[in-house]
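Spelled out from the first residue to the last, the chains are:
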Amino acid sequence: MSIYRPLHDGWTLTAVPRDAEAATAPPGAGTAGVAAAPSGAAPSGAEVAGVPAAVPGCVHTDLLAAGIIDDPYLDDNETRLTWIGRTTWRYETAFTWTPDGHERTDLVCEGLDTVATVVLNGVTVGVTANQHRSYRFPVRHLLREGGNTLTVVFGSAYDYAEERRAALGDRPGAYAEPYQFIRKMACNFGWDWGPTVVTAGIWRPIGLESWSGARLAEVRPLVTLDGTDGRVDVHVRVERTGEEPLALDVAVAGAAAQTWLAAGERETTVTLTVPEPDLWWPRGYGGQPRHDLTVRLGDQEWSRRIGFRAVELDREAFGLRINGEPVFVRGVNWIPDDCFPNRVTRERLRERLTQAAGANVNLLRVWGGGLYESDDFYDLADELGLLVWQDFPFACAAYPEEEPFRSEVEAEARENVTRLASHPSLVLWCGNNENIEGHADWGWQERLEGRSWGAGFYYDLLPRVVAELDPTRPYWPGSPYSGAPDLPPNDPSRGTLHIWDVWNREDYTRYAAYRPRFAAEFGFQGPATYATMRRAISGELASDAPLVLHHQKAIDGNDKLLRGLGEHLPRPRDFDDWHYLTQLNQARAIEFGVSRFRALAPHCTGSVVWQLNDCWPVTSWAAVDGDGRRKPLWYALRRVYADRLLAVIDGEVALVNDSAEPWHGELSLVRHDVSGKVLAEETAGVTVAPRSVTRLPLPAAVADPGDPAAELLVARLGETRAVSFYDEDTRVAFPEAAWDARAEPAGDGYRVTVTARTVLRELALFPDRLDPGARVDDLPVTLLPGESAVFHVTAGNLPDPAALTAFPVLRCVNEPRR
Ligand code: BMA
């Protein structure tokens, strides 16, 4: 019998004054001569003492809850909070304990962020410095009947990292912060979409586990297919205090086996075969059946839901095959959903992953500047059929390979490869984000002067760990990467590609010049939704207002937003224009890129848009903003990642059918003038085979406009419709928009019907302008005269529904000038 008791109550938080640190700080967290002075106005340790603390939690959220700091996500409060990351923090609690008759009691820490000294009743039981690991300390001999005290002292992450940097020599990175010198979520130190909020705290559960005789220490199920049979090799490790034989029972989907561990044995493998199980598939390819796999040792039970499926990676094309079928990846990059990951609940993950699935996404790439995510994350991905590509947590820097990092990296990799082995969604381990590219292309080699940069991790240690512990999953050394260390890593013709010249320098039409095998990152910024900006920023909202600029972390971000409008959209005259047009342009840019990459299948095998989500309210590349609201890009992703895509590309119609059924029907191509008059019409019967792309040249009558500035093309096949113009919007002679609109209560919100009297370019509705809780089902839509659009708005309460049909809620590109 084992007993688990969480220790989540009664914690307090105290800032340890600098002069008291020597006595409490762990080795390596000293301050001697390396730490810069705190840059914010720092309350002294005496000012923050005995504050009630949440466990799991972190210092920032505790101080916020206690009213000691302002919300780091609002205005520019971030700038006044730097001292937190430079302070030593003490968490303490007291608890009573009575001997429970067990031989062993362990203190189990599932996550300590990061430089921690764990002290029980005055005795140090552990000194740790890795947020990505869990720890277990045998403490039975230290526990007292009656009152006990548990203290966890967190040294400053900055002090630790800066000291390591001084000892090992500096290494280049994309940011001036020392994130590569500590095993902690890198983006906590600030990123080009994230604030600098260097956390500390007991960020995952902590508790006491008592047991006798033996304990199930580790279960690592490796699931493969053997022909049409499912096979699972269950690797089990036990920890034991005695030598009596131990019975182990393993069962899944009607198959079961018992095995015995003899005296002295601590590890065994049990193989179960399940004849012809229903297979687990990514969404769009089949169902996600899962089976309970249980492992029993005495009265201890470990159980996870596994899915039978096989993964292969074609290393030339970077093509994923699931159960033998090539899968075109319609992906998004995932960053930590909050700078304070303790706030990311299962409900929030469900909402976010459901948003990904709702945008017709089939893969999430967990980016290397973040975390190995929680069990909930992968469990939800399993359930929703979202494939997961997991980066090891290394990003955008040269990383030292010396101790303690070599041992820490090996330990965290072993733990997480084991922890995540049961999840069918997890299909790829990747060594890092952009570190191989940085080393090859960003001038790092000269600056390194021969110092280690992480190559030993990406080419040796990590692939060894994956091959040993989980040979069922492919490993790829980094992204971008071309398949061999001596090849240029960001070569479009091999492996994975990151495209960043668009956004940084080029017009988005440059996506058309790429023929990637696999586009693993490309993105374009847009501001957060209005309601999110309004919540996060006080005072005037103007694109160049200082507080608005504080929520833009990319170099020259707002200049790039404006430059990116190019000739595609008019110049904004005010904040409302800026907000609408730059959001729209973000959506267009990505729609432009993704439709081209999909049309290149099977030469191109995947597109992973940068990025799905945000960690706070910010102007960024995200489709869903920091408050969880969907930006126009989200709706664009849903269209451009749909199973069936119709796009007019360079004088051709591309018909992408990524479904299991053929797509046939009559393709209609109609050339109109901007008044709606039909100028030419062509039709053709088409059949697009399942999982294939057909490209048809446009017939001359619809390919060549009489006047490119005054005409447009409507292509239609079945339910799918695409409107394209022959010229950029800024050159099209649009009539001034006119429409009839009405809003009426419907269901749990309103139905807004808009009937066009003129062409309406990119008609969109932004109900969050009226009520932060209001959402619209779709946007934008381009209408021809006489056509109608019906928007469904979900909203609690709108005092004046007619506002749904007026500026700035309802807008289009050719709306009347105000
Ligand atoms: C890539 C990513 C991130 C970054 C993004 C936008 O480099 O890997 O590091 O946030 O581009 O610049």
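Residues numbered from 1 in each chain as written. Predicted model: local features only at pLDDT ≥ 70, side-chain atom pairs only at ≥ 80, totals over all residues. Heavy atoms only, no water.

Draft legend 1. Focus on the overall build of the protein chain. The number of helices and strands found in the protein chain is 16 helices and 46 strands. Taken over the C-alpha trace, the protein chain has a radius of gyration of 28 Å; the compact-globule value for 818 residues is 28 Å, and the two agree within 12%. A total of 818 residues make up the protein chain; the buried ones form 59% of that total. Here the contacts in the protein chain between residues at least 6 apart in sequence split such that 71% fall between residues at least 24 apart. With the model as given, the accessible surface of the protein chain reaches about 28900 Å², and the carbon-plus-sulfur share is 49%. Charged side chains in the protein chain number 81 positive and 115 negative. The centres of these two groups are separated by 1 Å. (Helix = DSSP H or I, 4+ residues; strand = E, 2+ residues; numbered from the N terminus. Rg over C-alpha atoms; globule rule 2.2 N^0.38 Å. Buried < 20%, exposed > 50% of the residue type's maximum accessible area, 1.4 Å probe, protein only. Contact = heavy atoms within 4.5 Å. Areas by Shrake-Rupley, 256 points an atom, 1.4 Å probe, with all protein chains shown as cover. Lys, Arg positive; Asp, Glu negative; His and termini not counted. Charge placed at Lys NZ, Arg CZ, Asp CG, Glu CD.)

Draft legend 2. Looking closely at the sheet that holds strand β19 (residues 267-274). The three strands are arranged β15-β16-β19 in an open sheet whose pairing can be described as antiparallel. The open sheet has two free edges, formed respectively by β15 (214-226) and β19, since each of these has just one partner strand. Going from strand to strand, the sheet's axes swing by 20 degrees on average, the running direction of each strand aside. Note: β15 against strand β16 (residues 229-240), twelve bridges, orientation antiparallel. Opposite V223, over in β16, you have V232 as the bridge partner. (Pairing = 2+ DSSP bridges. Axes fitted to C-alpha atoms, helices over the stretch in contact; angles between N-to-C directions.)

Draft legend 3. Structural view of the confidence of the model for the protein chain. For the protein chain, per-residue confidence averages 95 on the pLDDT scale, and 97% of positions sit at 70 or higher. In the model, residues 23-42 has pLDDT below 50 throughout and makes 38 contacts with residues more than four positions away in sequence or in other chains. (pLDDT = per-residue confidence, 0-100.)

Draft legend 4. The arrangement of the packing of aromatic side chains in detail. Using the criterion set out here, one finds 44 aromatic pairs in the structure. Judged by centre distance (5.5 Å) and plane angle (75 degrees), the rings of W367 and W610 are edge-to-face. Taken together, the residues span a long stretch of sequence, with W367 in the loop between β26 (363-366) and α5 (375-384) and W610 in the loop between β32 (606-609) and α15 (632-640) at a distance of 243 residues. Grouping residues by exposure puts W367 and W610 together as buried. Relative to F524, the ring of Y508 has its centre 6.5 Å away and its plane inclined at 90 degrees; by these criteria the two rings are edge-to-face. Of this pair, Y508 sits in the loop between α10 (501-504) and β31 (518-522) while F524 sits in the loop between β31 and α11 (530-536), placing them 16 residues apart in sequence. Judged by its relative accessible area of 1%, F524 is buried. Every member of this aromatic cluster is reached through a ring pair, and the members are Y175, Y179, W191, W193, W367 and W610. Here the basic side chain of R630 rests over the ring of W634, its NZ or CZ set 4.4 Å away from the ring centre. (Phe/Tyr/Trp six-rings, centres within 6.5 Å; stacked < 30°, edge-to-face > 60°. Lys NZ or Arg CZ within 6 Å of the ring centre and 35° of its normal.)

Draft legend 5. Highlighting the packing of helix α14 (residues 575-599) against α15. Close contact between α14 and α15 brings their axes to 8 Å; oriented N to C, the two are set at 20 degrees. Classified by the angle their axes make, α14 and α15 are roughly parallel. For α14 against α15, the interelement crossing comes out right-handed. From α14, Q583, Q586, A587, I590, E591, V594, S595 and R598 reach across to α15, where they touch P632, L633, A636, L637, R639 and V640. Considered class by class, the residues forming the contact of α14 with α15 number eight nonpolar, three polar and three charged. (Parallel < 35°, antiparallel > 145°, perpendicular 65-115°, else oblique. Left-handed = near helix turned anticlockwise from the far one by under 90°. Nonpolar A, V, L, I, M, F, W, Y, C, P; charged D, E, K, R; others polar.)

Draft legend 6. Spotlight on the site of the ligand. In the vicinity of the ligand, the contacting residues are W191, D192, W193, W367, C396, N433, E434, W500, E521, W610 and W621. D192 is positioned such that a nitrogen or oxygen atom in its side chain is 2.5 Å from an oxygen atom of the ligand. Taken by itself the ligand offers 300 Å² of open surface, and the protein chains cover 91% of this. When grouped by side-chain class, the residues that make up the shell around the ligand number seven nonpolar, one polar and three charged. When residues are assigned to domains, the shell around the ligand turns out to be shared by domain 1 (3-208) and domain 3 (311-642), each giving three or more. (Near = heavy atom within 4 Å. Polar contact = N/O pair within 3.5 Å; in protein donor to acceptor, adjacent residues only side chain to side chain. Domains from an automatic or database assignment.)

Draft legend 7. Summary view of the nonpolar core. Among the nonpolar cores identified, the biggest contains 170 residues, and F392, L462 and L637 are the most heavily contacted of them. Leaving out residues up to four positions away in the same chain, L462 has contacts with F392, F394, V409, A413, G431, F457 and Y475. Counting residues in each nonpolar core, the second largest holds 37 residues, with V55, L81, W97 and A116 among its members. (Core = buried A, V, L, I, M, F, W, Y, C linked by side-chain atoms within 4.5 Å.)

Draft legend 8. α15, seen in detail. Across the nine residues of α15, seven count as buried, placing the element largely inside the fold. Residues of α15 that are buried: P632, L633, W634, Y635, A636, L637 and V640. Those residues of α15 that are buried lie in contact with β25 (329-334), α4 (346-358), α14, β32, β33 (644-649) and β43 (775-776).

Draft legend 9. Geometry of the sheet that holds strand β18 (residues 255-261). If you walk across this open sheet you meet the four strands as β18-β17-β20-β21, and the pairing is antiparallel. Two strands lie at the open edges of the sheet, namely β18 and β21 (300-306), each paired on one side alone. The mean angle between the axes of side-by-side strands here comes to 15 degrees, regardless of whether they run parallel or antiparallel. Bridging between strand β17 (residues 246-252) and strand β20 (residues 291-297) involves five bridges; their strand directions are antiparallel. Following the sheet pairing, V250 is matched in β20 by V295.

Draft legend 10. Up close: the pattern of salt bridges. Using the criterion set out here, one finds 65 salt bridges in the structure. The salt bridge involving E412 is made with R183; its shortest N-O contact spans 2.8 Å. Of the two residues, E412 sits in helix α6 (residues 405-419) while R183 sits in the loop between α3 (157-168) and β11 (189-191), which places them 229 residues apart along the sequence. For the pair shown, E412 and R183 are each scored as buried. (Salt bridge = Lys/Arg side-chain N within 4 Å of Asp/Glu carboxyl O.)

Draft legend 11. Molecular detail of unusual backbone geometry. A cis amide bond links S479 with the next residue in sequence, P480, at an omega value of 0 degrees. As for its position among the elements, P480 is in the loop between β29 (475-476) and β30 (496-499). Of the consecutive residues A601 and P602, the connecting peptide bond is found in the cis state with omega at 5 degrees. One can find P602 in the loop between α14 and β32.

Draft legend 12. Representation of the environment of L246 in the model. Counting through the fold element by element, L246 comes out in strand β17. C-alpha separation for the pair L246 and V366, spaced 120 residues apart in sequence, amounts to 39 Å. Non-local contacts of L246, meaning those with residues more than four positions away in its chain, are made with A214, V238, R240, T259, W260, L261 and L297.

Draft legend 13. Representation of the side chain of N333. Positionally, N333 belongs in strand β25. Its relative accessible area of 0% is what places N333 among the buried residues. Reaching out from N333, the side chain makes a polar contact with the backbone oxygen of A520 at a distance of 3.1 Å. A distance of 3.4 Å separates a polar atom in the side chain of N333 from the backbone oxygen of V608. Sequence-distant contacts of N333, defined by excluding residues within four places in its chain, comprise R365, A520, E521, V608, V609, W610, Q611, L612 and N613.

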